[in-house]
Amino acid sequence: MFVLVNLKTYPCDPVAVAEAVRDVDETTDARLAVAPQAAHIERVAETGVETWAQHVDPIDHGSNTGHALAESAADAGAVGTLINHSERRLKLAAIDGAVRAAERADLETVVCANNPAQIGAAAALGPDAVAVEPPELIGTGTPVSQADPDVVEDAVEAAANVDPAVSVLCGAGISTGDDVVAAGDLGAEGVLLASGVAKADDPEAALEDLVEPL
Ligand SMILES: O=C[C@H](O)COP(=O)(O)O
C-alpha cells in the first residue's frame, strides 16, 4: 500500500513530520511519502523521505508569476505531485496540462477527484494514479473506506474500465491501520491522508498505527 501524507497548510513542523514518515517507512513494506507546502519541499526532501508536491500548474518556464512550475518542484526534491486536490481544484484542460507538465519534469502524478465519474475522466488523462475523496468526509475522521465503501469500489471499477494501468488511492478521514486495510480490501492500492498525521499530537505514533497491519 502507498500511504501519502498531505501536510496541507497545517501548522505542523514539516521536517519533524517528514523525519517521522521516513523513520516509519524503514519499518514497513508499505510505501510512505509526504507532501509539504511548496516552500518546504527542499527541507523535507533533505530528510531522505519520499517527497511530493501538493500541486503544479499547467505551465512551462516563462511569464507565469505566482504559479507552481513542475520543474521547480522536481529541482527542490519532489518525485511526484498531487493534481486537482479537492482544496485546489482545476478545470479539465488545466488538469490535463498539469499532468503533462509533471510528466515533462519526471514527477509521478496522482489526480484527485470527488467521485467515480470524475475518477473515470481523470484516469483518461493518463496519470500514474487517481485518488477518490468525497469532500464531505475530508478532515472529519470518518473514514471513506467505512462511511462510503461503494465510492471506493466504484472508483476502482471506473478507473479500470478506462485504463487498468492507473492505480487508485482513496482518501478522507483515514487515520488508523484498520482504515487502510479496509481501503485495500475495497481495491485501493493506497491512501491519501492528512489530519490523522499532520494534526496528531504524536505523528510518528499515528504513522506506526497506520502501517501496523500492513
Ligand atoms: O489530502 C488529504 C485528504 O484531503 C484527506 O484529508 P484528511 O485525512 O484530513 O481527511
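Residue positions are given per chain, counted from 1 along the sequence in the order it is written. The predicted nature of this model means local features are confined to residues of pLDDT at least 70 and side-chain atom pairs, given and counted, to a pLDDT of 80 or more, with totals for whole chains, interfaces and linings taken over all residues. Heavy atoms throughout the structure, all of them, feed into the side-chain values; hydrogens and water do not.

Between any two strands, pairing holds if DSSP finds at least two bridges. The secondary structure listing takes helices from DSSP runs of H or I that are at least 4 residues long and strands from runs of E that are at least 2 residues long, numbered from the N terminus. Spatial ordering of the closed barrel is given by β1-β2-β3-β4-β5-β6-β7-β8, a layout of eight strands whose pairing is parallel. On average, adjacent strands in this sheet sit at an angle of 25 degrees to one another, irrespective of strand direction. The pairing of strand β1 (residues 2-6) with strand β2 (residues 31-35) spans five bridges and is classified as parallel. Considered in β2, the bridge of N6 is made with A35. In what follows, a contact means two residues having at least one pair of non-hydrogen atoms within 4.5 Å. Helix axes use the C-alpha atoms of the stretch in contact, all axes being lines fitted to C-alpha atoms, and the angles between their N-to-C directions lie in the range 0 to 180 degrees. Docked against the sheet, helix α5 (residues 116-123) engages β5 (108-113) and β6 (129-132), running at close to 165 degrees with respect to β6.

With that settled, the discussion passes to unusual backbone geometry. Positive phi values are uncommon outside glycine, yet N84 reaches one of about 65 degrees. Relative to the helices and strands, N84 resides in the loop between β4 (80-83) and α4 (92-104). Even without glycine at this site, D106 takes up a positive phi of about 60 degrees. Its location among the elements puts D106 in the loop between α4 and β5. Of the residues examined, D106 reaches a relative accessible area of 67% and is grouped as exposed. Think of it in three bands: with a 1.4 Å probe and only protein chains considered, a residue is buried below 20% of the maximum accessible area for its type, exposed above 50%, and partly exposed in between.

Turning next to the site of the ligand. Around the ligand lies a shell formed by N6, K8, H85, E133, I138, G139, A172, G173, L192, L193, A194 and S195. N or O atoms closer than or at 3.5 Å make up a polar contact, with two conditions inside protein: a donor-capable atom paired with an acceptor-capable one, and, for residues adjacent in sequence, both atoms drawn from side chains. Contact between the ligand and K8: an oxygen atom at 2.8 Å from a side-chain N or O atom of the residue. Between the ligand and G139, the relevant distance is 2.7 Å, taken from an oxygen atom to a main-chain nitrogen or oxygen of the residue. Only the protein chains shown count as cover for residues, and the accessible areas themselves come from Shrake-Rupley with a 1.4 Å probe. With the chains in place, 100% of the 310 Å² that the ligand exposes on its own is no longer accessible. Each residue is assigned to one of three groups, with Ala, Val, Leu, Ile, Met, Phe, Trp, Tyr, Cys and Pro labelled nonpolar, Asp, Glu, Lys and Arg labelled charged, and all others, Gly among them, labelled polar. Within the shell around the ligand, the residues separate by chemical class into five nonpolar, five polar and two charged. One heavy atom within 4 Å of a molecule or strand makes the whole residue count as near it.

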